[in-house]
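Residue-level listing of the chains:
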Amino acid sequence: MPGTVPQAAPPAALRPRLAAMVYEVMLLIAILFLASYLFLAFARDAQSGWPRTVFQIYLLAVCGAYFVYCWTRTGQTLPMKTWRLKVTTRDGRLLSPRQAAWRYVLAVPGMMSGTAVLWALFDREKLFLHDRLAGTLIVRMERVPNVDSTPLRNHGFDPTANHGRHGEHGGKPDQKNVNGLQ
C-alpha cells in the first residue's frame, strides 16, 4: 500500500535525514519563540537563577511534547513528511509514547553535541546514535502516486470559450457592461 512502511524497511539515507533536520530547526525556532513568549508573559524574567533553569526545562519539555506527539501519532513531524521520512520501530510499527520519549531523551544530548551525526557517519546502517540505542529507525516512505495528473491551470476550462458572462462577443466583454451601463 502506498505511503506505508514495509516490514524491515532499510534505513533512509543520511542526506535526506540531515536536510530534514535543517528544516526541523527552522520549525522549532518558531515553536520555541511562541513557547518563550507564553512563558515570559507570566514569568517576566528568566535571565538568571531558578527562573532561567525552569525556563530551560520548560523549553526542553515543549520540544519533547512536540516530538513525542508527532512520532507516536504518525511517525512524522512536518519536515519528515516533506522529506517522506518516518520513524518506526525495527519491525516497522509506530513508536509507543514510552519509546518516543526514550528516543527524545537520548537524542537531545547527541544532537546538541553533534555526536549523533558523527556516529551515523561510521555506523554500519548509518543510524544516529539515539536510534541505535532506542531501537528505532528512520525510513524513507514510498512516493504516493498522483491520482489526478491534470495540471491545475487547465482542469478542462477553455478561456477562449464563451461562457455567457461577457455578452455575445465570444468571451470579450460588452462595452456597455464594462462601463456599467445597460
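Note that the coordinates shown come from a computational prediction; the quantities given were computed from them, not determined experimentally.

Visitor: What should I look at first to understand the overall build of the chain in this one?
Guide: Along its length, the chain carries seven helices and two strands. Counting from the amino terminus, helix and strand elements in the chain follow one another as α-α-α-β-α-α-α-β-α. A total of 182 residues make up the chain; the buried ones form 30% of that total. Long-range pairs, those at least 24 residues apart, make up 60% of the contacts in the chain between residues at least 6 apart in sequence. As presented, the chain carries roughly 12400 Å² of accessible surface, and 64% of it is formed by carbon and sulfur atoms.

Visitor: Help me understand the nonpolar core, please; the structure alone is not making it clear to me.
Guide: Note that soluble globular proteins tend to have their nonpolar side chains buried in a common cluster. Grouped together as the largest cluster of nonpolar side chains are 20 residues, with contacts concentrated most on Phe67, Trp71, Met80, Leu85, Val87, Phe128 and Ile138. Elements with a minimum of two residues in this core: helix H1 (14-43), helix H2 (49-73), strand S1 (85-89), helix H4 (97-113) and helix H5 (115-122). Counting residues per element, this core draws most heavily on H2, at six residues. Not counting the four nearest positions on each side in its chain, Ile138 is found in contact with Pro11, Ala12, Arg17, Met80, Leu85, Lys86, Val87, Arg103, Phe128 and Asp131.

Visitor: Honestly, the layout of surface pockets in this entry has me stumped. Any pointers?
Guide: It is a probe the size of a water molecule, rolled over the atoms, that shows where empty space is left. Approximately 730 Å³ is the volume found for the largest pocket. Forming the walls of the largest pocket are 26 residues, and the residues nearest its centre are Glu24, Val25, Leu28, Phe67 and Met111. At the level of secondary structure, the elements contributing two or more residues to the lining of the largest pocket comprise H1, H2 and H4. The leading source of residues in the lining of the largest pocket is H1, at eight residues. Along the lines of polarity and charge, the residues of the lining of the largest pocket split into 20 nonpolar, three polar and three charged.

Visitor: Please explain unusual backbone geometry as it appears in this structure.
Guide: The bulk of non-glycine residues show a negative phi, and the bulk of peptide bonds are trans. Positive phi, close to 55°, is recorded for Arg84, a residue that is not glycine. Following the sequence through the fold, Arg84 ends up in the loop between helix H3 (78-82) and S1. The exposure class of Arg84 is partly exposed, given its relative accessible area of 23%. One non-glycine residue with positive phi stands out, namely Lys126, at about 65°. With respect to the helices and strands, Lys126 occurs in the loop between H5 and helix H6 (129-134).

Procedures and definitions
Residues numbered from 1 in each chain as written. Predicted model: local features only at pLDDT ≥ 70, side-chain atom pairs only at ≥ 80, totals over all residues. Heavy atoms only, no water. Helix = DSSP H or I, 4+ residues; strand = E, 2+ residues; numbered from the N terminus. Buried < 20%, exposed > 50% of the residue type's maximum accessible area, 1.4 Å probe, protein only. Contact = heavy atoms within 4.5 Å. Areas by Shrake-Rupley, 256 points an atom, 1.4 Å probe, with all protein chains shown as cover. Core = buried A, V, L, I, M, F, W, Y, C linked by side-chain atoms within 4.5 Å. 1 Å grid on protein atoms, 1.4 Å probe; cavity = no way out; pocket = protein on both sides within 12 Å on 5 of 7 lines; lining within 4 Å. Points joined across faces, edges and corners; volume = space filled by probe spheres on them. Nonpolar A, V, L, I, M, F, W, Y, C, P; charged D, E, K, R; others polar.

Such coordinate-based values are descriptive only and should not be taken to indicate function.
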